[in-house]
Amino acid sequence: MGSRSSSSSVETASSSSSMREFLRQAGGVAVVDGGLATELERHGADLNDPLWSAKCLLTSSHLIRTVHLDYLEAGADIIITASYQATIQGFEAKGFSTEESESLLRKSVEIAREARDIYYERCSEGSCDGRVLNHRPIIVAASVGSYGAYLADGSEYSGDYGEAMTLGALKEFHRRRVQVLTEAGPDLLAFETIPNKLEAQAFAELLEEEEDIKLPAWFCFNSKDGVNVVSGDSFLECASVAESCKKVVAVGINCTPPRFIHGLITTIKKVATKPIVIYPNSGESYDADRKEWQNTGVSDEDFVSYVNKWCEAGASLVGGCCRTTPNTIRAIYRTIPSRSTSPPEQ
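Residues numbered from 1 in each chain as written. Predicted model: local features only at pLDDT ≥ 70, side-chain atom pairs only at ≥ 80, totals over all residues. Heavy atoms only, no water.

### Some remarks on the pattern of salt bridges
Note the following rule: Any carboxyl oxygen of Asp or Glu that lies within 4 Å of a side-chain nitrogen of Lys or Arg is treated as forming a salt bridge with it. Think of it this way: any DSSP run of H or I at least four residues long counts as a helix, any run of E at least two long counts as a strand, and we number them from the N terminus. The buried label goes to any residue with under 20% of its type's maximum accessible area, the exposed label to any with over 50%, and the partly exposed label to all in between, with areas taken from a 1.4 Å probe on protein chains only.
Under the definition given, this model contains 17 salt bridges. Across the pair Asp77 and Arg339 runs a salt bridge whose closest N-O atoms are separated by 2.7 Å. Highlighted residues: Asp77 in the loop between α4 (61-73) and β2 (78-80) and Arg339 in helix α15 (residues 337-340), separated in sequence by 262 residues. The buried category is assigned to Arg339, whose relative accessible area is 2%.

Below you can see the structure in the form of structure tokens.
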């Protein structure tokens, strides 16, 4: 896991041993990247579209590559692809064929792998200029957003899919997308912002049913009260679903305000023995009707002040989600004792 060359190394992907070895090489705590959409907009992308950041797969893939590189040079060990809101159904709704839609999904992984290759070339060149240029294992994680992310109506922040949505329908919605992402050669599948227990069960069953999917995965849930996932389902029960899935190698939390993270780590530890991954948002709230963030978040300094407490509580993969930036990730990298005092093992 986390190849040091352009080829993906997932020979032992179905077990958690590869993730634990990756964490050992990272000094015990690995750094996940930060928000994608905010950075794409900062570089000039227009994301006013149901596809959100996935729109850049169509219009400006070079910007995605740039943002991946920014995060690697800030110290990230894991970069997450621009496929969170990329679905075959979503692309087809924009007029693309199934074949074209699948090609765009594969492209999200290819861009991240290209960024990793370029980063390794820069590591060999030697000049730092304040950048983190350590030739270390790097994971390309293929993002799988929830069904709510495809709807683009903010329902990944409520988990309310209506009574008509079933376990079987969710599995079929995601199945081909997960297959295509897997075939593109990432190191890990990142199931993100899972808003309810039903979708967690769908992802777990899908991974078990698809024997050709040999990649490891992580499941990350979101919460707005620090007790339950956003739908109101028990966070404890959702974490149990992830823990029981053999292909899941880490369980955690994303797109959740920093103030809830410590308590949720404690909740996860009650049922999970797998590594805990956390990448909170900045603490800002999202207005689904206006499609904008309300500026109520914490500063990078306040965000980073939590990091070592989260690690002490049990987190071993730490990064940021919406509205966090390469500056946030650089500060996380520098605040983790095992990373700031010595370079990662090679």
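### Considering the packing of aromatic side chains
Threshold: Paired rings are identified among Phe, Tyr and Trp, the last through its six-membered ring, by centres lying within 6.5 Å, and are further divided according to the angle between planes into stacked (under 30 degrees), edge-to-face (over 60) and tilted (the rest).
Applying the stated criterion to the full structure yields 13 aromatic pairs. Geometrically, the ring pair formed by Phe221 and Phe235 is edge-to-face, given 5.8 Å between the ring centres and 70° between the ring planes. With Phe221 in strand β5 (residues 217-221) and Phe235 in helix α10 (residues 235-244), this residue pair connects regions lying 14 residues apart in the sequence. Each member of the pair Phe221 and Phe235 is classed as buried.

### Structural notes on the confidence of the model for the chain
Here is the rule: Values of pLDDT, the confidence the predictor places in each residue, fall between 0 and 100. Throughout, a contact is declared for two residues whenever any of their heavy atoms are within 4.5 Å.
On average, the chain scores 89 in pLDDT, and the residues at 70 or more come to 89%. Across residues 3-14, confidence stays below pLDDT 50; counting only partners more than four residues off in sequence or on other chains, it has 37 contacts. Here residues 342-346 is modelled with pLDDT under 50, and outside its nearest four sequence neighbours on either side it reaches eleven contacts, counting other chains as well.

### Considering the layout of surface pockets
Put simply, the test is: Cavities and pockets are defined on a 1 Å grid built over the protein atoms alone: a cavity is a set of grid points where a 1.4 Å probe fits but cannot escape, while a pocket is an open set with protein on both sides within 12 Å along at least five of seven lines, and lining residues are those with an atom within 4 Å of any such point. Grid points are joined across faces, edges and corners, and a volume is the space filled by probe spheres set on the points. In this classification, Asp, Glu, Lys and Arg are treated as charged, Ala, Val, Leu, Ile, Met, Phe, Trp, Tyr, Cys and Pro as nonpolar, and every other residue, Gly included, as polar.
Here the largest pocket defines a volume of roughly 770 Å³. Only α2 (37-42), α4, β4 (188-194) and β9 (292-294) provide two or more residues apiece to the lining of the largest pocket. For the lining of the largest pocket, the element with the highest residue contribution is α2, accounting for three residues. Taken together, the residues of the lining of the largest pocket break down into 17 nonpolar, 14 polar and nine charged.

### A look at the sheet that holds strand β7 (residues 276-279)
How we decide: Paired strands, in this sense, are two strands between which DSSP finds at least two bridges. Axis lines are fitted to C-alpha atoms, over the contacting stretch for helices. Their N-to-C directions set the angle, which ranges from 0 to 180 degrees.
Pairing within the open sheet is parallel, and its eight strands lie in the order β1-β10-β7-β6-β5-β4-β3-β2. Looking at which strands have only one partner, the edges of the open sheet turn out to be β1 (30-31) and β2. Examined bridge by bridge, β1 and strand β10 (residues 315-318) share two bridges and lie parallel to one another. Bridging from a neighbouring strand, Ala30 pairs with Leu317 of β10. α10 rests against β5 and β6 (248-254) of the sheet, and its axis sits at about 155° to β6. Contacts from helix α11 (residues 261-271) reach β6, β7 and β10 within the one sheet, and its direction differs from that of β6 by about 150°.

### What about the pairing of β5?
We apply this condition: With the strands aimed away from the viewer, a crossover counts as right-handed if its path from the first strand over the helix to the second runs clockwise.
In terms of burial, β5 is a largely internal element, five of the five residues being buried. Of the two faces of β5, the one lined by Ala217, Phe219 and Phe221 and the one lined by Trp218 and Cys220 are each fully buried. Taken together, the four bridges between β4 and β5 define a ladder with parallel strand orientation. The partner of Ile194 across the bridge, within β5, is Phe221. Handedness of the crossover joining β4 and β5 through helix α9 (residues 197-209): right-handed. Here five bridges tie β5 to β6, and the two strands are oriented parallel to one another. Note that in β6 the partner of Ala217 across the bridge is Val248.

### Quick word on the packing of helix α6 (residues 98-125) against helix α8 (residues 167-183)
To keep things clear, this is the line we draw: Convention used here: angles under 35 degrees read as roughly parallel, angles over 145 as roughly antiparallel, angles from 65 to 115 as roughly perpendicular, and any remaining angle as oblique. Working rule for handedness: look at the near helix, and if it is turned counterclockwise from the far one by less than a right angle, call the crossing left-handed; if clockwise, right-handed.
Here α6 crosses α8 at 45°, and the two axes come no closer than 8 Å. As far as their axial angle goes, α8 and α6 are oblique. As α6 runs across α8, the sense of the crossing is right-handed. Where α6 abuts α8, its residues Glu102, Leu105, Arg106, Ser108 and Val109 lie against Arg176, Arg177, Val180 and Leu181. Tallied by class, residues from the contact of α6 with α8 come to four nonpolar, one polar and four charged.

### With respect to α10
Test applied: Pairing of N or O atoms within 3.5 Å defines a polar contact, subject to two protein rules: one partner must be a possible hydrogen donor and the other a possible acceptor, and residues neighboring in sequence count only if both atoms are side-chain atoms.
Every buried residue of α10 is accounted for by Phe235, Cys238, Ala239, Val241, Ala242 and Glu243. Buried residues belonging to α10 abut α9, β5, β6 and α11. For α10, the N-terminal cap is Ser234; the gap from its side-chain oxygen to the backbone nitrogen of Leu236 is 3.2 Å.

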